[in-house]
Amino acid sequence: MNLSNIVIVLSHPDESRNIGAACRAMANNDISELRIVGNKADYDIEHIHVLAIHAGPIFDKAKFYNSITEATSDCAICAGTTRRRGKKRGKLLLPEEFAEMADEITDASTGATNDKAGNGGKVAVIFGNERTGLTDPELDECNLGVTIPSSDDFGSLNLSHAVQIMCYHLFRRALEQKKGQYRGYTPLTLERIDKTVANITDNMQKIGFFKMPGREDMENFWRSILSRASLSEGEAQYLEKTFSKMAGLASKNSGITKVD
């Protein structure tokens, strides 16, 4: 996934504040190209920057167009976000399905839909007006539709929330390429786990939990559990501090002589 080839298009947004919030959602997910169908003079730039916070430069670099067709003319695909089917769209994709498609198009290394420079093709995600969403004529300007499942009783999403959800799925797809199944942290190696196991069993021995002949079985027990738990570094350090403190308190309270 080449996130620099993702284009977010807002078609005739009503609220300046929503544009700012959409910029922030984009920045959260390393997506920076914003295009707006509408007139720049209609929006309050100060309000946009207040909601964008540090993502204001995304709006400052945004380009304005007269139509979705014009805004996406350099893109390989144009996906409209909608809850409605259209005669040209067939099945609506889920965000994760769309992210998989966008991955193939935007990344030149896949060999799919590459531009002349070999940088991959651009993919546009289109969001409609806050009140009406994308109209039928606007959806007809798109190649396909993407839908974000929501409650039948209250299906309307805030514009910036919809942008956040779509950008997040694209961002997650990029993370999976970099790190495999993304966990939010890198699980410890077996070598690092052995250090935690040694800390635990050292402290258990200090309080007389077992005799030396039983230590190997205890080490194997902890190594098996901790390796299957896929510990983070912070979790391992917390365990080590806990057992060290337990041994220290036991020694202090009972007068047990520490075993080196």
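Residues numbered from 1 in each chain as written. Predicted model: local features only at pLDDT ≥ 70, side-chain atom pairs only at ≥ 80, totals over all residues. Heavy atoms only, no water.

Chemist: Give me the overall build of the chain: which residues, what numbers.
Modeler: For the chain, the count of helices and strands is 10 helices and 6 strands. Residue burial in the chain is summarised as follows: out of 260 residues, 42% are buried. Residue pairs at least 24 apart in sequence account for 78% of intrachain contacts in the chain once pairs closer than 6 positions are excluded. On the chain, roughly 14500 Å² of surface is accessible, and the fraction owed to carbon and sulfur atoms is 51%. (Helix = DSSP H or I, 4+ residues; strand = E, 2+ residues; numbered from the N terminus. Buried < 20%, exposed > 50% of the residue type's maximum accessible area, 1.4 Å probe, protein only. Contact = heavy atoms within 4.5 Å. Areas by Shrake-Rupley, 256 points an atom, 1.4 Å probe, with all protein chains shown as cover.)

Chemist: Now, about the environment of Phe 171: what can you tell me, with residues and values included?
Modeler: If you trace the backbone, Phe 171 turns up in helix H7 (residues 159–179). Taking the C-alpha atoms as reference points, Phe 171 and Met 1, separated by 170 residues in sequence, lie 8.3 Å from one another.

Chemist: Please set out the pairing of strand S4 (residues 77–81) residue by residue, giving values where relevant.
Modeler: Within S4, 5 of the 5 residues are buried, which leaves it mostly tucked inside the rest of the structure. Residues Ile 77, Ala 79 and Thr 81 line one face of S4 and the alternating positions Cys 78 and Gly 80 line the opposite face, and both faces are buried. Sheet topology note: the S4/strand S6 (residues 144–146) ladder contains 3 bridges and is parallel. The residue bridging Ala 79 from the neighbouring strand is Leu 144, located in S6. (Pairing = 2+ DSSP bridges.)

Chemist: Lay out the pattern of salt bridges in plain terms, naming residues and giving numbers.
Modeler: A complete count under the given rule lists 12 salt bridges for this structure. Between Arg 192 and Glu 240 there is a salt bridge whose closest N-O contact spans 3.0 Å. Here the residue Arg 192 occupies a position in helix H8 (residues 190–206), and Glu 240 occupies one in helix H10 (residues 233–254), the gap between them amounting to 48 residues. Considered together, Arg 192 and Glu 240 belong to a single accessibility category, that of buried residues. (Salt bridge = Lys/Arg side-chain N within 4 Å of Asp/Glu carboxyl O.)

Chemist: Talk me through the packing of H8 against H10; I want residue IDs and the actual numbers.
Modeler: Orientation of H8 relative to H10, taken along the N-to-C sense of each, is 15 degrees, at an axis distance of 8 Å. When the axes of H8 and H10 are compared, the pair comes out roughly parallel. Where H8 crosses over H10, the two elements pack in a sense that is left-handed. Across from Arg 192, Lys 195, Thr 196, Asn 199, Ile 200, Asn 203 and Met 204 in H8, the residues of H10 making contact are Glu 233, Ala 236, Gln 237, Leu 239, Glu 240, Phe 243, Ser 244 and Ala 247. (Axes fitted to C-alpha atoms, helices over the stretch in contact; angles between N-to-C directions. Parallel < 35°, antiparallel > 145°, perpendicular 65-115°, else oblique. Left-handed = near helix turned anticlockwise from the far one by under 90°.)

Chemist: Which residues make up the packing of aromatic side chains, and what values go with them?
Modeler: Inspection of the entire model under this criterion finds 3 aromatic pairs. On the basis of an interplanar angle of 85 degrees and a centroid distance of 6.2 Å, the ring pair of Phe 59 and Phe 64 is categorised as edge-to-face. Judged by relative accessible area, Phe 59 falls into the buried class, the value being 2%. The class of Phe 64 is partly exposed, set by a relative accessible area of 22%. Aromatic pair Phe 221 and Trp 222: ring centres 5.7 Å apart, planes at 80 degrees, arrangement edge-to-face. (Phe/Tyr/Trp six-rings, centres within 6.5 Å; stacked < 30°, edge-to-face > 60°.)

Chemist: Account for the side chain of Asn 129, with residues named and values stated.
Modeler: Note on placement: Asn 129 falls in the loop between strand S5 (123–127) and helix H6 (136–139). By relative accessible area, which is 9% here, Asn 129 ends up buried. Reaching out from Asn 129, the side chain makes a polar contact with the backbone nitrogen of Thr 132 at a distance of 3.3 Å. (Polar contact = N/O pair within 3.5 Å; in protein donor to acceptor, adjacent residues only side chain to side chain.)

In short, shape yes, function no, at least from these values alone.
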